[in-house]
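If you want the building blocks of each chain, they are given just below.
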Amino acid sequence: MSPDKLPLKPVADKPKKERNPAPAWVALASPWLGLLTLILSIVIFIVPGSRDPRAELTHQRPWSAADIVVTIAEYMTVLAVFVGLVVILQMRTQPRPLSAPLAAQRLQAIVGLGLSFIGVAIIYVGLLRSRAIPALTFALASIAVIFIVVAWRGSRGHS
């Protein structure tokens, strides 16, 4: 029997929607956010710190300048890592080898991630000293695993 005479018609396969990579300005924002994180991590040690941390935590005194800069630097780090990972992960559907503009965007994302990691290392080592080593080791291992998986998947041509 031909498919035209069947009582139920077969379901037509919908073509997969082509995913577009992140816009170029997002990739450009990644190294700038990483650089801003690095600058803020250095500024933390220049601005005046707490004189009475207990009073600041109980809201009896306003926060010191260093506490405000630490908070901004930590949130900037999260934003820089998010933007860098979005750029890298959205490229996984692109055909290999990447075109020159996409390769440049991937490099920008990697630079942004690297700068933000250096900023995080400065913050945690500067503020926590020896207690920061396990946390930084875990973060570095996580970033290394992400890069290895992305590179491995890219070399195999998976989408």
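See the structure printed just above.
In this text, all values refer to a predicted model and were calculated from it rather than measured experimentally.

Parameters and conventions
- Residues numbered from 1 in each chain as written.
- Predicted model: local features only at pLDDT ≥ 70, side-chain atom pairs only at ≥ 80, totals over all residues.
- Heavy atoms only, no water.
- Helix = DSSP H or I, 4+ residues; strand = E, 2+ residues; numbered from the N terminus.
- Buried < 20%, exposed > 50% of the residue type's maximum accessible area, 1.4 Å probe, protein only.
- Contact = heavy atoms within 4.5 Å.
- Areas by Shrake-Rupley, 256 points an atom, 1.4 Å probe, with all protein chains shown as cover.
- Core = buried A, V, L, I, M, F, W, Y, C linked by side-chain atoms within 4.5 Å.
- 1 Å grid on protein atoms, 1.4 Å probe; cavity = no way out; pocket = protein on both sides within 12 Å on 5 of 7 lines; lining within 4 Å.
- Points joined across faces, edges and corners; volume = space filled by probe spheres on them.
- Expected span 1.5 Å × (residues − 1).

Visitor: Explain the overall build of the chain to me, and be specific about the residues and the numbers.
Guide: Within the chain, the secondary structure is distributed over 5 helices and 0 strands. Mapped in sequence order, the helices and strands of the chain form the string α-α-α-α-α. Counting only residues that meet the buried cut, the chain has 27% of its 159 residues in that class. By sequence separation, contacts in the chain at least 24 residues apart represent 69% of the contacts at least 6 residues apart. Carbon and sulfur atoms make up 70% of the accessible area of the chain, which totals about 11,100 Å².

Visitor: Can you lay out the nonpolar core for me, pointing to particular residues and giving the numbers?
Guide: Formed by 20 residues in total, the largest nonpolar core has its most connected members in V26, L33, L40, I44, A73, V87 and M91. Looking at this core, the elements with two or more residues in it are helix 1 (24-43), helix 3 (65-90) and helix 4 (100-128). In terms of residues, this core owes the most to one element, helix 3, which gives 8 residues. Sequence-distant contacts of L40, defined by excluding residues within four places in its chain, comprise V69, I72, A73 and M76.

Visitor: Talk me through the layout of surface pockets; I want residue IDs and the actual numbers.
Guide: Empty space within the largest pocket amounts to approximately 200 Å³. Around the largest pocket, the lining residues are E74, T77, V78, V81, L113, S116, F117, V120, Y124, A139 and I143. By residue number, the principal contributor to the lining of the largest pocket is helix 4, which donates 5 residues.

Visitor: Summarise the environment of S41; cite the residues concerned and give the values.
Guide: The residue S41 is located in helix 1 in this model. Considered as a pair, S41 and V70 are 29 residues apart in the sequence and their alpha carbons are 7.4 Å apart. With near-sequence residues (within four places) excluded, S41 lies in contact with G119, I122 and I123.

Visitor: Describe helix 3, with residues and values.
Guide: The end-to-end C-alpha distance of helix 3 is 38 Å, a good match for the 38 Å that 26 residues give at a rise of 1.5 Å each. Looking at helix 3, one finds that the buried residues are A66, V69, V70, A73, M76, T77, A80, V83, G84, V87 and I88.

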